[in-house]
Amino acid sequence: KVPSPNGPDAVAAVDITTRSFAGTATSAPEALLDWALGDTLRNKWDHPDRVKHVGWSMKVAIGTALRSGQRRAVFLGLDDNGEPGAAITVRLIPGKQNSSTFELWKYVKEMVCFCAGFPSFDTKNGMDGRMQAADDAIDNSHRKHAPTAHINVQLMAVAPEHQGNGMCSKLMRADCLGADV
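For clarity, every value in this text was computed on a predicted model and none was experimentally measured. (Residues numbered from 1 in each chain as written. Predicted model: local features only at pLDDT ≥ 70, side-chain atom pairs only at ≥ 80, totals over all residues. Heavy atoms only, no water.)

Novice: Got a sec to walk through the overall build of the chain? Specific residues and values, please.
Specialist: Summing up its helical and strand segments, the chain has six helices and three strands in all. Counting only residues that meet the buried cut, the chain has 41% of its 181 residues in that class. A fraction of 70% describes how many contacts in the chain between residues 6 or more apart in sequence connect residues 24 or more apart. When the accessible surface of the chain is totalled, it reaches about 10100 Å², and 57% of it is carbon and sulfur. (Helix = DSSP H or I, 4+ residues; strand = E, 2+ residues; numbered from the N terminus. Buried < 20%, exposed > 50% of the residue type's maximum accessible area, 1.4 Å probe, protein only. Contact = heavy atoms within 4.5 Å. Areas by Shrake-Rupley, 256 points an atom, 1.4 Å probe, with all protein chains shown as cover.)

Novice: Can you lay out the environment of Thr-24 for me, pointing to particular residues and giving the numbers?
Specialist: For Thr-24, the position within the fold is in the loop between helix 1 (8-22) and helix 2 (31-36). Linking Thr-24 and Asp-46, residues 22 residues apart in sequence, is a C-alpha distance of 8.1 Å.

Novice: Lay out the pairing of strand 2 (residues 84-94) in plain terms, naming residues and giving numbers.
Specialist: On a regular strand, one side chain projects to one face of the sheet and the next to the other, so that they alternate. A large share of strand 2 lies buried, amounting to eight of its eleven residues. The antiparallel pairing of strand 1 (residues 72-78) with strand 2 creates a hairpin that spans five residues between the two strands, and Gly-82 there sits at a positive phi of about 80 degrees. Taken together, the nine bridges between strand 2 and strand 3 (residues 149-158) define a ladder with antiparallel strand orientation. Counted as the bridge partner of Val-90 is Val-153 from strand 3. (Pairing = 2+ DSSP bridges.)

Novice: Report on the nonpolar core, specifying residues and quantitative values.
Specialist: Core analysis: the largest hydrophobic core is formed by 25 residues, its most contacted members being Phe-21, Leu-33, Val-54, Ile-62, Val-74 and Leu-76. Of all elements in the fold, only helix 1, helix 2, helix 3 (48-66), strand 1 and strand 3 reach the threshold of two or more residues within this core. Of all the elements, helix 1 adds the most residues to this core, at seven residues. Apart from residues no more than four positions distant in its own chain, Ile-62 is found in contact with Ala-13, Val-14, Thr-17, Val-74, Thr-89 and Leu-155. With eight residues, the next largest nonpolar core counts Ala-86, Ile-88, Met-167 and Cys-168 among its residues. (Core = buried A, V, L, I, M, F, W, Y, C linked by side-chain atoms within 4.5 Å.)

Novice: Kindly report on the packing of helix 1 against helix 3, identifying the contributing residues and their values.
Specialist: Packing of helix 1 against helix 3 leaves a shortest axis separation of 8 Å and a crossing angle of 135 degrees. The orientation of helix 1 relative to helix 3 falls into the category oblique. Handedness of the crossing formed by helix 1 with helix 3: right-handed. Between helix 1 and helix 3, the residues in contact are Ala-10, Ala-13, Val-14, Thr-17, Thr-18, Phe-21 and Ala-22 and Arg-50, Val-51, Val-54, Gly-55, Met-58, Lys-59, Ile-62 and Leu-66, respectively. (Axes fitted to C-alpha atoms, helices over the stretch in contact; angles between N-to-C directions. Parallel < 35°, antiparallel > 145°, perpendicular 65-115°, else oblique. Left-handed = near helix turned anticlockwise from the far one by under 90°.)

See below:
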C-alpha cells in the first residue's frame, strides 16, 4: 500500500499509470483517456503534450486517492527485484453515491491545495468536457448497476515493460480478498 502522497511510492504510482495510460507505439493506451485527449493527441505516441496531459491527470487522481482517508487507497505491484511495475487505485463506494459535484471538488482541492496545480497545457481541445462526460457516465453506471456498497477499482495500470507478467493479476486478487472481508 502506498503510505503517503508525498513519498517515492506515490511518485512511482504516477509514473506507472502515466506510462501505461498514455500508451506507446507497441502498447495500447487506456481507451477512455485516449478518447478524452481528443483528435489532436489521440494515437500520437510521440507528441510531448500527450504524456504531459496524461501525467497531470494521473497525478491529480492518485493524489486525491491518497488524501481521501480510509475510503480510497493506492497499491503497487512489485517485480521479482522489488521494483514497482503495476499500480491500482481502489475506492469504497458506500452505496449512496456522492454527487459528481462533490467528487469534482475533491479533485479541485487536490489541484489547488496540494501542488498538482491547474494544467499547464492548453485545454481548449475539449478534453475537460470529455472527461466530465466520462465521469458522469461512470457515476450513472455505479448508481444503476451497483447501488449498494462496493469496492471500485478506479485505476489499474502496468508499466509497458512489465505487461504480460501477471503483476496486475496479483494486485486484483489481493483487492478481491480485501473486498470479501
